[in-house]
Amino acid sequence: MENDQDKLLGEVTSGEYKYGFVTDIDTEVIPKGLNEDVIRLISAKKEEPEWMLEFRLKAFRHWQTMKMPKWAHLNVPEIDYQEIIYYAAPKQKKGPDSLGDVDPELLKTFDKLGIPLEEQKRLTGVAVDAVMDSVSVKTTFRETLAEMGIIFCSFSEAVKEHPTLVQKYLASVVPYTDNFFATLNSAVFSDGSFCYIPKGVRCPMELSTYFRINASNTGQFERTLLIADEEAYVSYLEGCTAPMRDENQLHAAVVEIVAERGAEVKYSTVQNWYPGDKEGKGGIFNFVTKRGICKGDDSKISWTQVETGSAITWKYPSCILRGNNSVGEFYSVAVTNNYQQADTGTKMIHIGRNTKSTIVSKGISAGFGQNSYRGLVKVLGKAEGARNFSQCDSLLLGDKCGAHTFPYIEVDNPSAIVEHEATTSRIGEDQIFYCNQRGISTEDAIGLIVNGYAREVINKLPMEFAVEAQKLLQISLEGSVG
Amino acid sequence: MQTEFLLQIKDLKASIDNKEILKGLNLEVKPGEIHAIMGPNGSGKSTLANVLTGREIATVTAGTITFDGKNLLDMSPEERACEGIFLSFQYPIEIPGVSMVNFMKTAINEQRKHRGLEPLSASDFLRLMREKKELVEIDSALTNRSVNEGFSGGEKKKNEIFQMAMLEPRLALLDETDSGLDIDALRIVANGVNKIRRPDTSVIVITHYQRLLDYIVPDFVHVLYDGRIVRSGGPELALTLEERGYDWIKKEADVTEETWTTDRK
């Protein structure tokens, strides 16, 4: 860890968003706008079965009756849903079976992002599903995983190849009526990852999906479904970046996790969508619904997120603790710099007996950034012996940013124990000067202090991600003091 | 001639919030010398430490400071640290979540980088840590914790001296290092300073009281009053001050108009 920190401090020299490049590749796009024909077109492009199309249309019809939610502490400009392109696919040979079939431009893009798709180049055992705009480009290590019965593929492939599993679990955690953005996603979702770990299997490598937006004026609506069958274990990582563009782009994803009896799922995100420029121009609008259900007894779902990107983040990875003795965890670091806004947190719904949840949220605000924690802890009447511990801390840099905390606690069982702790602090000039006086530059000092503050959460990330996340925290906050 | 002095302060004037605190201060320090700067509260002692380390709260309005032949006032605080100026803080700062190991490693390697040296390897670094911990008699438990977090006043001061041992400065400024220390802690801290000093390490001890000077024996004692050095002498001057207080200095200073300079033989 110490070495990595050094490496990180050494490597980081400029505060520019370094993933802001655009790949020049032929992209197939459909006309902008949203109506039933567009949905039929998306479904046809993906060669989907009838039931999938029906699901989409049902969702679309419902969406038309819905209004955008206004309860978040966010200032969201009007989004014109008819101005968005809902499907964009880099042109390449259909269904690349081997790497040789993948467009070299695409390989280069992911190389540049630090995600080499050539399996032998991977340093450690991480299987990657690479998604660019609306399609999955390549999923690595599929064969190796298949030998253990693990299914790891793009969502589109899963619809074709594992329809029974998809039909059983799709929308079982986030119904198509759930909320404005989840419903929109259900209508127009493009690609994402599908993963199934069979009974009693511990997935031997980290599974990850890397999302990349490339095309302009395009929304990204990915859909991810993770199923851990009884006594299975998987650790899943998600990363995302986008080019720097002046216009805002919409990203509305849905992630569903199902943990059966005794299963454990660890889901980690490093979200680094383009945050917009220093004046708040451009950037991704990130409206995401992530939810997992601990369906069986003794199951566990753990969310870890490092949110440094996006102009607007609206995201509440949640756990429904239905199984007895099930455990839900949420560890979050959210950074808002310049004009970024984030309203993020979690919901822990205790249904089963002796269910436990832990929430650790660390907000960091700088520049004119606005950072809100919003969290619900709900203990239902039958959740005998439920236990929750929440800690939410806010760190402020400068005096023009804001930190807000909106905790909601609803307890219907008298045996429940719910704890909530909150702190707000400021990076002091005296802390920075103390570091300066030992020879550490101001930028490095901020990196050191912020990483110290976020350490509890960063430590929950898998190793490779932890290093990446530390770098990101530092880069996102450069230029925010002095 | 110019490089004979490690530190040369000439006619230094500095203000805080437009109020002039230092009103024409002169001081010359050769390599290896120990200078004590004493004075009543509000005389400008802390401001001098701030100006030397580049803390922004003080604005230099006139005068020059030369460190090892270079213009110190042109340098950022971290450059000054890398050039070898170390401040033992009167009130050391807590940095939660940042381990002492990580903090020291970052500092040392930044300073090494400045000098064109490779970063220390992990094992060399840990060896150095262990060595210096023993030297300054600091408890291992302290260096395993976050920087100064939850340390007692005495532990914080010891930790400053430990950092000084690690960074091996050319000029150490000890700002009221004795405040808040009991006699045992004072002895450990002072002995630590003596042990880590190399023959060419210069030290400026800023203190209100004489007692630290029993352990760290100065070559020169200067009395700072109302932004100027009004009297300089040998170690015996500190004893006189201990005995007679500052009032006689104040009276004397208030009737004299000329600026005093370091009295060198």
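Residues numbered from 1 in each chain as written. Chains lettered and ligands numbered in written order. Predicted model: local features only at pLDDT ≥ 70, side-chain atom pairs only at ≥ 80, totals over all residues. Heavy atoms only, no water.

Undergrad: So, the environment of Y210 of chain A: which residues are in play, and what are the values?
TA: All names here are of chain A. Structurally, Y210 can be placed in strand β7 (residues 206-212). Residue classification places Y210 among the buried positions, given a relative accessible area of 9%. Placed 125 residues apart in sequence, Y210 and I85 show a C-alpha to C-alpha distance of 21 Å. (Helix = DSSP H or I, 4+ residues; strand = E, 2+ residues; numbered from the N terminus. Buried < 20%, exposed > 50% of the residue type's maximum accessible area, 1.4 Å probe, protein only.)

Undergrad: With reference to specific residues and values, describe the pairing of strand β1 (residues 7-16) of chain B.
TA: Residues and elements named next belong to chain B. By the bridge criterion, eight bridges tie β1 to strand β2 (residues 19-29) in an arrangement that is antiparallel. Among the inter-strand pairings, L12 is bridged to a residue of β2, identified as L25. Here β1 hands over to β2 after two residues, with D17 in that stretch at a positive phi of 50 degrees. Relative to strand β4 (residues 59-67), β1 is paired through seven bridges, and the arrangement is antiparallel. Each residue of the ladder has a partner; that of Q8, found in β4, is T66. (Pairing = 2+ DSSP bridges.)

Undergrad: Talk me through the pattern of salt bridges; I want residue IDs and the actual numbers.
TA: Using the criterion set out here, one finds 34 salt bridges over all chains in the structure. Between K378 of chain A and E410 of chain A there is a salt bridge, and its shortest N-O distance comes to 3.1 Å. With a gap of 32 residues between them, K378 of chain A in strand β20 (residues 370-379) and E410 of chain A in strand β22 (residues 402-411) connect regions that are remote in the sequence. Put simply, K156 of chain B and E94 of chain B hold a salt bridge, and the shortest N to O gap is 3.3 Å. Pair noted here: K156 of chain B is in helix α6 (residues 153-167) and E94 of chain B is in the loop between β6 (85-88) and β7 (95-99), with a separation of 62 residues, a long-range link. Look at K156 of chain B and you get buried, because its relative accessible area is 15%. By sharing partners, the salt bridges in this structure join K132, E168, R198 and D200 of chain B into a single network. (Salt bridge = Lys/Arg side-chain N within 4 Å of Asp/Glu carboxyl O.)

Undergrad: Residue-level account of the nonpolar core, with values.
TA: Among the nonpolar cores identified, the biggest contains 114 residues, and I364 of chain A together with F103 and I204 of chain B are the most heavily contacted of them. With nine residues, the top contributor of residues to this core is helix α10 (residues 442-458) of chain A. Aside from chain neighbours lying at most four places away, what touches F103 of chain B is Y434, C435, R438, I440 and L448 of chain A together with I95, V98, V147 and Q163 of chain B. Grouped together as the second largest cluster of nonpolar side chains are 34 residues, L53, Y86, F180 and W314 of chain A included. (Core = buried A, V, L, I, M, F, W, Y, C linked by side-chain atoms within 4.5 Å. Contact = heavy atoms within 4.5 Å.)

Undergrad: Mind laying out the packing of aromatic side chains, listing which residues take part and the relevant values?
TA: One pass over the structure, following the stated rule, counts 20 aromatic pairs over all chains. Residues F181 of chain A and F287 of chain A carry aromatic rings whose centres are separated by 4.1 Å and whose planes lie at 15 degrees to one another, so their mutual orientation is stacked. Pair noted here: F181 of chain A is in helix α8 (residues 180-188) and F287 of chain A is in strand β13 (residues 283-294), with a separation of 106 residues, a long-range link. No difference in accessibility class separates F181 of chain A from F287 of chain A, as the two residues are buried. Note on Y434 of chain A and F103 of chain B: the rings are 5.8 Å apart at their centroids and 10 degrees apart in plane angle, and the pair reads as stacked. Here Y434 of chain A is found in helix α9 (residues 429-437), whereas its partner F103 of chain B is found in helix α3 (residues 100-114) on a different chain. Take Y434 of chain A: its relative accessible area is 0%, and that puts it in the buried class. The class of F103 of chain B is buried, set by a relative accessible area of 0%. (Phe/Tyr/Trp six-rings, centres within 6.5 Å; stacked < 30°, edge-to-face > 60°.)

Undergrad: Account for the sheet that holds strand β10 (residues 202-207) of chain B, with residues named and values stated.
TA: Residue and element names in this part refer to chain B. Read across the open sheet, the six strands follow the order β6-β9-β10-β3-β11-β12; overall the sheet is mixed. Bordering the open sheet on either side are β6 and β12 (228-233), each of which pairs with just one other strand. With strand direction ignored, the average angle separating the axes of adjacent strands in the sheet is 20 degrees. Across five bridges, strand β3 (residues 34-38) lies against β10 in parallel orientation. Note on β10: the bridge partner recorded for A36 is V205. This element, helix α1 (residues 45-53), spans β3, β6, β9 (171-175), β10 and β11 (220-225) of the sheet and lies at about 145 degrees to β9. (Axes fitted to C-alpha atoms, helices over the stretch in contact; angles between N-to-C directions.)

Undergrad: Describe the interface of chain B and chain A, naming the residues involved and giving the relevant values.
TA: Contact residues are listed per partner, giving 34 residues for chain B and 24 residues for chain A. Summed over both sides, the interface between chain B and chain A buries roughly 2,400 Å², with carbon and sulfur atoms accounting for 58% of that surface. Applying the counting criterion to the chain B and chain A interface returns one salt bridge. E160 of chain B serves as the salt-bridge partner of R438 of chain A, at 2.7 Å between the closest nitrogen and oxygen. Put simply, chain B and chain A have 11 residue pairs in polar contact (both at pLDDT 80 or more) between them. Breaking the side of chain B that touches chain A down by element, the ones donating at least two residues are α2 (77-83), β6, β7, α3, β8 (146-147) and α6 of chain B. (Buried area = accessible area lost by both parts, 1.4 Å probe. Polar contact = N/O pair within 3.5 Å; in protein donor to acceptor, adjacent residues only side chain to side chain.)

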